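Take a look at the letters that make up each chain.
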Amino acid sequence: MASYKYTFKVLLLGDGAVGKTSLVQRFIHNKFQSGYLMTIGMEPYSRFETIKDTRVCLQLWDIAGQDRFASMRQIFFKGSLGALVTYDITRRQSFENLDTWIREARTESPRIMLMLVGNKNDLEDLRDVSTEEGKKYAKDSGCIGFIETSAKNGINVENAFIVMGEEILQGIESRD
Ligand code: G3D
Ligand code: MG
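Residues numbered from 1 in each chain as written. Chains lettered and ligands numbered in written order. Predicted model: local features only at pLDDT ≥ 70, side-chain atom pairs only at ≥ 80, totals over all residues. Heavy atoms only, no water.

1. Some remarks on helix 4 (residues 98–108)
Listing the buried residues of helix 4 in full gives Leu98, Trp101, Ile102, Glu104 and Ala105. End-on, the buried residues of helix 4 take up no more than an arc of 160 degrees, which puts them together on one face. More than 90 degrees from the buried face of helix 4, the exposed residues found are Arg103 and Thr107. (Buried < 20%, exposed > 50% of the residue type's maximum accessible area, 1.4 Å probe, protein only. Helix = DSSP H or I, 4+ residues; strand = E, 2+ residues; numbered from the N terminus. Arc of directions from axis to C-beta.)

Okay, here's the thing in structure tokens:
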């Protein structure tokens, strides 16, 4: 039986179609499915990880359109320790909407740790937001880190979630 010391509730935030569900599927099932992706409601996905000798449960909450209603939003944000704030590097509008996502996260969960994720970096030819812009935005908005990922080919997906877990763990253990 799995035993673990902590559960870390981590949210996936960002505009529709940036790849939030695909990132979760890649991390949990190590697969990518194009064309038909079921929208995940309020059911979280979990993966156990050993981070710095500590067994933790990374509990991932993927946001779907309906979660933007106020009553759902409260449940969604309640107890969240971190969020991957995600945009699509080929769609500038999804980058420009980050301010709104970050403001909402900080309103609902004032101490939440945010990691900026630029997804779809397999589509280099269609890139619309440079890596430098992403880096700068992460720094200016107080994110704990920035990473470019591809849910399609798996690049950096584990890294994104595990770095998030490491930062949360460090935050908790330095408080004890
Ligand atoms: P969302 O959960 O943020 O709404 P989805 O986004 O995970 O549903 O993904 C939206 C679309 O982007 C899907 O296309 C999905 O296959 C595609 N996608 C997600 N991540 C990547 C990626 O890293 N690279 C590429 N090239 N595409 C990606 P479809 O066509 O299935 O609707
Ligand atoms: Mg989705």
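2. Section: the pairing of strand 6 (residues 145–148)
In terms of strand pairing, strand 5 (residues 113–119) meets strand 6 through 4 bridges, oriented parallel. For Gly118, the partnering residue across the bridge sits in strand 6 and is Glu148. Read from strand 5 through helix 5 (residues 131–140) to strand 6, the crossover connection turns out right-handed. (Pairing = 2+ DSSP bridges. Right-handed = clockwise from strand over helix to strand, strands pointing away.)

3. Concerning the environment of Asp125
Here Asp125 shows up in the loop between strand 5 and helix 5. C-alpha of Asp125 to C-alpha of Arg47: the two residues are 78 residues apart in sequence and 33 Å apart in space.

4. Brief notes about the sheet that holds strand 6
Sheet strands pair by backbone hydrogen bonding; their relative direction is either parallel or antiparallel. One open sheet accounts for 6 strands, arranged 2-3-1-4-5-6; its pairing is mixed. Two strands close off the open sheet at either side, each with one partner strand: strand 2 (45–51) and strand 6. Here the average twist between neighbouring strands, direction ignored, is 25 degrees. Here 7 bridges tie strand 2 to strand 3 (residues 54–62), and the two strands are oriented antiparallel to one another. Opposite Ile51, over in strand 3, you have Thr54 as the bridge partner. Those strands touched by helix 5 are strand 4 (82–88), strand 5 and strand 6, and its axis lies near 155 degrees from that of strand 6. Strands strand 1 (6–13), strand 2, strand 3, strand 4, strand 5 and strand 6 of the sheet are contacted by helix 6 (residues 157–175), whose axis makes an angle of about 130 degrees with strand 1. (Axes fitted to C-alpha atoms, helices over the stretch in contact; angles between N-to-C directions. Contact = heavy atoms within 4.5 Å.)

5. A short note on the pairing of strand 4
Counting buried positions along strand 4 gives 7 out of 7 residues, so the element sits mostly inside the fold. Residues Gly82, Leu84, Thr86 and Asp88 point to one face of strand 4 and Ala83, Val85 and Tyr87 to the other, with burial holding for every one of them. In the sheet, strand 1 pairs with strand 4 via 4 bridges, with the strands oriented parallel. By the bridge assignment for strand 4, Leu13 is matched with Val85. By the bridge criterion, 7 bridges tie strand 4 to strand 5 in an arrangement that is parallel. For Gly82, the partnering residue across the bridge sits in strand 5 and is Met113.

6. Digging into the nonpolar core
If you look at the biggest cluster of nonpolar residues, it comprises 25 residues, and the most contacted ones within it are Phe8, Leu12, Leu23, Phe27, Leu60, Leu84 and Phe161. Contributing elements (two or more residues each) for this core: strand 1, helix 1 (20–29), strand 3, strand 5 and helix 6. Phe27 has contacts with Arg47, Glu49, Leu58, Leu60, Val157, Glu158, Phe161 and Ile162, leaving out every residue within four places of it along the chain. (Core = buried A, V, L, I, M, F, W, Y, C linked by side-chain atoms within 4.5 Å.)

7. Structural notes on the packing of aromatic side chains
Counted by the stated rule, this structure contains 6 aromatic pairs. Of the aromatic side chains, those joined through ring pairs into one cluster are Tyr87, Phe95 and Tyr137. Cation over ring: Lys9 sits above Trp61, and NZ or CZ is 3.8 Å from the ring centre. Note that Arg47 overlies the ring of Phe27, its terminal NZ or CZ placed 4.0 Å from the centroid. (Phe/Tyr/Trp six-rings, centres within 6.5 Å; stacked < 30°, edge-to-face > 60°. Lys NZ or Arg CZ within 6 Å of the ring centre and 35° of its normal.)

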